[in-house]
Each structure stands twice: as structure tokens, then as C-alpha cells.
Amino acid sequence: MTATAPLQIPILDLKPEIDELRPEIMAAIGRVLDRTDFIMGEDVHLFEAEVAAYLGVKHAIGVNSGTDALVIALRALGIGPGDEVITTPFTFFATAESISMVGAKPVFVDIDPATLNLNPELIEAAITPATRAIMPVHLYGNPVDMTRVMEIAHKHGLKVVEDCAQSFGARWQGTQTGTIGDFGAYSFFPSKNLGAYGDGGLLATNDDALADTARMLRVHGSRKKYHNETVGYNSRLDTMQAAILRVKLPHIEKWNAHRREVARQYNEGLKGIEGIVTPELTDGHAFHQYTVRVQSGRRDEVQQKLAAHGIGTMIYYPIPQDELPIYKGQYPVYEHSSLAAQEALSLPIGPGLDAATQQRVLKSVTLIFTSIQQ
Ligand SMILES: *Cc1c(COP(=O)(O)O)cnc(C)c1O
């Protein structure tokens, strides 16, 4: 095999979606050019209203990225130096980074190996007098048990910021993730379930005062222009991105349903292969990623073999947050999170993945595992 064999099946292919929507996207961009309302223009306000209606939440506030959404949520809740926020070690760095960015300390609790999400039953033992909030991450689009998280939060007077970067459209017991805690923080990074064609993010909240503070923070800490009250951010959702997102939003239910169907087919096709653990098909799962666990230390080998078959895969995430250079040595070992980082392998999924392509992936995985066993 040559190390540079091209990946014929990328982990995510945005081209089918772009081909389908190109005329509408071009028209939407054209309207922004005609109006020249590039900052906080008409499409931002319309998108905020449309996404609030879709999520069933009172306020939707467009910001520059998912990371900024997390930071602004924490700032709006008054979380800063001396405070602790409980979260999962098995996530993208932006989760813990946002906590560190406001000067607070991320406190990790291990994941539940069945869901790969933070295990709510471990939260209470991690609470100290400095704990101010819980930041659950709906990893891969799989909703965290928000009933349990909210129960614990209410009992201990803690705030809840849901990291919904991977869970746009996911539901916990029928309710949209991101609308259950004090804030939901979403990312429109191009590869997310609802992706822009650049950076973008959003905050969702049902609290009028928190929404007002978040809107103030996103424009340099000012409610009234040139009357800055605090150090804020330059973190607005671009009008151009909002215009693109408005074209895409009406398709999200169909796209997420397709992702769930792809996941179901994968689970069916991989059933009974020894050494692979498939994800749970929970209700409301948005399958941002379809992630299996490859056991017995064979993950990297399987990934290389799939690459030789032209199949793109990703490891989300190879290093748990507590083991990153920035935090190394400050935390104990989180056993389940550590193991997940060694076993997780995400296969191609997305609204554009057709049945024939999926069958090719399944055939390759099956072939690779059959040859491993011999
Ligand atoms: C993508 C992501 C973020 C950050 O979103 P950006 O828009 O890239 O800033 C935060 N948390 C998680 C879990 C993510 O996957």
C-alpha cells in the first residue's frame, strides 16, 4: 500500500448538500451583497427567530463560534476565577478551554462507557464549595441524561451550560438539547450537523436576563453603542453565514433522520463482529458522528487498513482533556475516558452518504475484521 492512497470515501462529504442547495445559497448570498448589511444584518435577526422557533426556546443569540458561545454563556452566568465547572474529559478541547478561558477550573468526572457521555451519577461526588456549574456535552449528538443533570443542578444550586456543538436537533425525551439547562451553546463549524460555510455559533436560553447579558457581551460589553459596561467580545454571527444557515435549517430534520438511519444500518451490518462495540441507537440521537469502539488495542491498525481501502475515519478524541499538555498532571486518571480515547473510531456519516457507499464501508470493515481474526 502507498501511504498516500487517496480517500475515496471521506468521513464527511459536504459536496452533495452543496450541489443540491447551490442555487438557493447563491441567491441568499446575493441578497446580502445587495443589502450590504454584513454585520448584524437582516438574515441574522431572521435566523435567530427561525432557530428559536425550531428549538422551542425563547432566545437564540448568534455568535462567532461554538467556543465563543460557551465562553459567553459562562461569563453571562458570572463564572470566573475561583469557580469550578464540572464537565467530561472525553470531548473536544473547546469545552474545557472555555472554562479555563474565563479563569475558572474544569473539574472532570468520568464517562459512562455505554454512552461515552459524562456519567451523571459521578457529578455529586465532584461538587465542592467552589462548584458553580455543570457543562454536559452531548457527544457525537447523543443526548446526556438531562433529567438527572438538572435534578443534581437544582439540588445543589448549580447552573447548567449544555455543549451542543455536536447535537443540533438532538432531543432528550422529546425536548431539544440546549433548551433544558440555563444555556445551550451550538457550533456552526462546517462539519457540524447544521454547518455554516465558515465559523459560527449560537446561544439558546429561556431566561430574559441571561439573554440580555449575552447580547451585551457579544458586542464589546455594550447594550447601547459606545456605552461599554464591561469587557466583552467581538463575537457576532456574520450575516452571510446566517443567510446560508437559513437555507439549510429547513433540511435539518431530514438530514438528522438520514444520519440515524445510516447509524441503524451500520449497527445492523456490524452486529456480531467480535472486537467492535457499536453505539446505542438512543431516541433523539442526532448522530453527528457514528463512533464504534475497536477493542484489544487494534484501533489504529483498523484505521490504517480502512485508509488503504480508501475509507476516511477519524479519532474523536485521541487524548482526553485531562491528559492534554495544558492540564497534564493536575488530574487523576479517568479510566473509562482513557480507554475510550484508545478505542474510539468514527466512520463516514452524513446527509450525503448514500446506501452504496455505506455498503462499501461495511464490506471493508467486515473484511478487515475477518482477516484480523485469522
Ligand atoms: C466543535 C466543538 C466546539 C467548538 O465549536 P467551534 O464552533 O469550532 O468553536 C465545542 N465543543 C465541542 C464538543 C465541539 O465538538
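Residues numbered from 1 in each chain as written. Predicted model: local features only at pLDDT ≥ 70, side-chain atom pairs only at ≥ 80, totals over all residues. Heavy atoms only, no water.

Caption draft 1: Region of interest: the overall build of the protein. Each helix and strand in the protein was counted, giving twelve helices and twelve strands. Expected size for 374 residues packed as a compact globule is a radius of gyration near 21 Å; at 21 Å, the protein falls within 12% of this value. In terms of its C-alpha atoms, the protein occupies a principal-axis envelope of roughly 70 × 55 × 35 Å. With 374 residues in all, the protein has 54% of them scored as buried. Taken as a whole, the protein presents about 15800 Å² of accessible surface, with 55% of it coming from carbon and sulfur. One way to put it: in the protein the 33 positive side-chain charges average out to a point 3 Å from where the 43 negative ones average out. (Helix = DSSP H or I, 4+ residues; strand = E, 2+ residues; numbered from the N terminus. Rg over C-alpha atoms; globule rule 2.2 N^0.38 Å. Buried < 20%, exposed > 50% of the residue type's maximum accessible area, 1.4 Å probe, protein only. Areas by Shrake-Rupley, 256 points an atom, 1.4 Å probe, with all protein chains shown as cover. Lys, Arg positive; Asp, Glu negative; His and termini not counted. Charge placed at Lys NZ, Arg CZ, Asp CG, Glu CD.)

Caption draft 2: The arrangement of the domain arrangement of the protein in detail. Once the domains are mapped, the protein shows domain 1 (15-110 + 117-250) and domain 2 (251-373). Its C-alpha centre places domain 1 at a distance of 25 Å from the equivalent point of domain 2. Facing the 39 residues of domain 1 at the interface are 33 residues of domain 2. Of the roughly 2900 Å² buried at the junction of domain 1 and domain 2 (both faces included), carbon and sulfur atoms supply 56%. For the pair domain 1 and domain 2, the number of links is two salt bridges. Salt-bridge contacts for Glu20 lead to Lys254; the nearest nitrogen and oxygen are separated by 3.7 Å. Applying the counting criterion to the domain 1 and domain 2 interface returns 27 residue pairs in polar contact (both at pLDDT 80 or more). Put simply, the parts of the chain that give the side of domain 1 that touches domain 2 at least two residues each are α1 (15-35), α4 (93-101), β3 (105-108) and α8 (239-248). Classifying every residue of the side of domain 1 that touches domain 2 by side-chain character gives 21 nonpolar, ten polar and eight charged. (Domains from an automatic or database assignment. Contact = heavy atoms within 4.5 Å. Buried area = accessible area lost by both parts, 1.4 Å probe. Salt bridge = Lys/Arg side-chain N within 4 Å of Asp/Glu carboxyl O. Polar contact = N/O pair within 3.5 Å; in protein donor to acceptor, adjacent residues only side chain to side chain. Nonpolar A, V, L, I, M, F, W, Y, C, P; charged D, E, K, R; others polar.)

Caption draft 3: Summary view of unusual backbone geometry. Tyr316 connects to Tyr317 through a cis peptide bond whose omega is 10°. Take Tyr317: it is sitting in the loop between α10 (299-308) and α11 (335-343). At Met40, a position not held by glycine, the phi torsion is positive, near 50°. Inspection of the secondary structure assignment puts Met40 in the loop between α1 and α2 (42-55).

Caption draft 4: The arrangement of the nonpolar core in detail. Grouped together as the largest cluster of nonpolar side chains are 29 residues, with contacts concentrated most on Phe47, Leu55, Phe168 and Phe188. Those residues in contact with Phe188, other than ones at most four positions away along the chain, are Phe47, Phe168, Leu194, Gly195, Ala196, Gly198, Gly200, Gly201, Leu202, Leu237 and Leu245. Counting residues in hydrophobic clusters, the runner-up holds 26 residues, among them Val71, Val102, Ala185 and Met216. (Core = buried A, V, L, I, M, F, W, Y, C linked by side-chain atoms within 4.5 Å.)

Caption draft 5: Looking closely at the side chain of Thr291. As for its position among the elements, Thr291 is in strand β11 (residues 290-294). Here Ser346 takes part through its side chain, which lies 2.8 Å from a polar atom of the side chain of Thr291. Residue contacts for Thr291: discarding those within four places in its chain leaves Tyr140, Pro279, Ala344, Leu345 and Ser346.

Caption draft 6: The pairing of strand β1 (residues 59-63), seen in detail. Buried residues dominate β1, accounting for five of its five residues. In this structure, β1 lies alongside strand β9 (residues 201-205), joined through five bridges in antiparallel fashion. Of the residues in β9, the one forming a bridge with Gly62 is Leu202. (Pairing = 2+ DSSP bridges.)

Caption draft 7: Quick peek at a nonpolar patch on the surface. Among the surface-exposed residues, Leu33, Phe38 and Ile39 lie close enough to one another that they form a single nonpolar patch of about 290 Å² accessible area. Position of Ile39 among the secondary structure elements: in the loop between α1 and α2. Classification of Ile39 as exposed rests on a relative accessible area of 52%. (Patch = residues over 30% accessible without salt bridge, like charges linked within 9 Å, V, L, I, M, F, W, Y side chains within 5 Å.)

Caption draft 8: Representation of the UniProt feature "active site" (unreviewed entry) in the protein in the model. Following the UniProt record, the feature "active site" (unreviewed entry) maps to Lys192 here. Here Lys192 lies in the loop between β8 (183-187) and β9. Residues within four places of Lys192 in sequence aside, it is in contact with Ala165, Ser187 and His288. (UniProt positions renumbered as here; feature names shortened; annotations may be inferred.)

Caption draft 9: Quick look at the site of the ligand. Among the 16 residues in the neighbourhood of the ligand, the closest are listed as Gly66, Thr67, Asp163, Ser187 and Lys192. Here a nitrogen atom of the ligand and a side-chain polar atom of Asp163 are 2.8 Å apart. Ser187 is positioned with one of its side-chain polar atoms (N or O) 2.6 Å from an oxygen atom of the ligand. For the shell around the ligand, the secondary structure elements donating two or more residues are α3 (66-76) and α4. (Near = heavy atom within 4 Å.)

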